[in-house]
Every structure is written in C-alpha cells, then in structure tokens.
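The residues making up each chain are set out below.
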Amino acid sequence: MIIEGMISTFIYFVIAIIVVFIGLVIFELITSKYKDWDEISGGNQAVALSIAGKIIGICIILSFAIYNSINIWETLIWGAYGVVLQMIAYLLFEAFTRKFSVEEKIKENNIAVGIVTMAVSIGLAFVIGASIT
C-alpha cells in the first residue's frame with residue numbers, strides 16, 4: 001500500500017513538472033516584448049515575480065486537480081484546462097490595464113506591476129482550482 005502511494009506521488013510529481021514546464025514555455029511565447037529567462041538572468045525582479053506567480057498558480061490548480069480527480073488522465077485534463085485559463089487571465093489583465101502595458105512595465109523591472117501580476121496569477125489559481133469538481 002505504501003509503495004503504491006509512493007509511485008502515485010512520483011507520477012503526480014512528474015506530471016506537475018511537465019505541466020509547469022509546458023505552461024512556462026507557452027507563457028514565454030505569449031510575452032513578445034521580452035524573454036523570461038534572459039530577463040531573470042539579468043536580475044529583472046518584476047519578471048521573476050511574474051514567473052513565480054505563474055508557477056505557483058499552475059501548481060495550485062494542479063493540486064486541486066489531484067484532490068478532485070479520479071485518475072491521472074483527469075488530473076492532466078484539469079491541469080491543462082487550468083493552464084489555459086491562467087493564460088486567458090494574463091491576456092485579460094494586459095488588455096484591461098489601459099494606462100500602461102503590463103509587459104512593458106515588467107520588462108522595465110517595475111516591481112509593483114510584477115507583484116500585482118503575481119497576485120493575479122495566484123488569486124485566480126485558487127478560484128480556478130476551487131471550481132474543479
């Protein structure tokens with residue numbers, strides 16, 4: 001029984017890494033004004049906060065998916081759907097912020113915008129996750 005649990009935990013761990021990686025690759029493609037890892041390696045804290053929010057958000061959604069899914073496939077489907085919703089949320093956040101471009105401000109290392117972006121990702125992840133049934 002313990003061995004089965006350990007195997008399941010490892011499988012979900014691998015799934016989480018894969019889904020987070022795919023999510024980050026897609027987010028990298030969405031942000032056209034900068035490259036996430038280039039900015040992070042250059043010390044851009046706003047980008048780091050934004051990416052941290054995305055990672056945490058994806059993991060929150062995955063945790064709800066694991067809690068509420070019957071099997072691994074269902075977890076994958078809910079996890080992928082959650083990532084898509086996170087991307088839509090990011091694009092809507094950019095669209096509704098009319099006074100400035102979120103992407104440009106993050107590229108300029110505006111930490112305040114990075115924090116708000118992080119909060120949007122984490123906050124909506126709880127809403128998305130809670131709606132998984």
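Residues numbered from 1 in each chain as written. Predicted model: local features only at pLDDT ≥ 70, side-chain atom pairs only at ≥ 80, totals over all residues. Heavy atoms only, no water.

Re the overall build of the chain
In terms of helices and strands, the chain carries six helices and zero strands. Moving toward the C terminus, one meets the helices and strands of the chain in the order α-α-α-α-α-α. Taken against the 2.2 N^0.38 rule, which gives 14 Å for 133 residues, the C-alpha radius of gyration of the chain at 16 Å falls within 12% of a compact globule. Here the C-alpha coordinates of the chain stretch approximately 55 × 30 × 20 Å along the principal axes. For the chain, the proportion of its 133 residues judged to be buried stands at 38%. In the chain, of all internal contacts separated by at least 6 residues, the share reaching a separation of at least 24 is 73%. (Helix = DSSP H or I, 4+ residues; strand = E, 2+ residues; numbered from the N terminus. Rg over C-alpha atoms; globule rule 2.2 N^0.38 Å. Buried < 20%, exposed > 50% of the residue type's maximum accessible area, 1.4 Å probe, protein only. Contact = heavy atoms within 4.5 Å.)

Considerations on the environment of Lys54
Here Lys54 shows up in helix H3 (residues 45-68). For Lys54, a relative accessible area of 1% translates into the label buried. For Lys54 and Lys105, which are 51 residues apart along the polypeptide, the C-alpha to C-alpha distance reads 17 Å.

Here's the deal with the side chain of Thr117
Structurally, Thr117 can be placed in helix H6 (residues 111-131). Since its relative accessible area comes to 2%, Thr117 is described here as buried. There is a polar contact of 2.8 Å between the side chain of Thr117 and the backbone oxygen of Val113. When residues no more than four places from it in sequence are discounted, the contact partners of Thr117 are Ser50, Tyr90, Phe93, Val102 and Ile106. (Polar contact = N/O pair within 3.5 Å; in protein donor to acceptor, adjacent residues only side chain to side chain.)

Topic: the nonpolar core
Residues Val19, Ile58 and Ile106 are the most contacted members of the largest nonpolar core, which totals 19 residues. Those elements giving two or more residues to this core turn out to be helix H1 (2-30), H3, helix H4 (72-96) and helix H5 (102-107). The biggest single contributor to this core is H1, with six residues. For Ile58, the residues in contact, after removing those within four places along its chain, are Val19, Val20, Gly23, Phe27, Val83 and Gln86. Counting eight residues, the second-largest nonpolar core is a separate cluster that includes Ala65, Ile122, Ile128 and Ile132. (Core = buried A, V, L, I, M, F, W, Y, C linked by side-chain atoms within 4.5 Å.)

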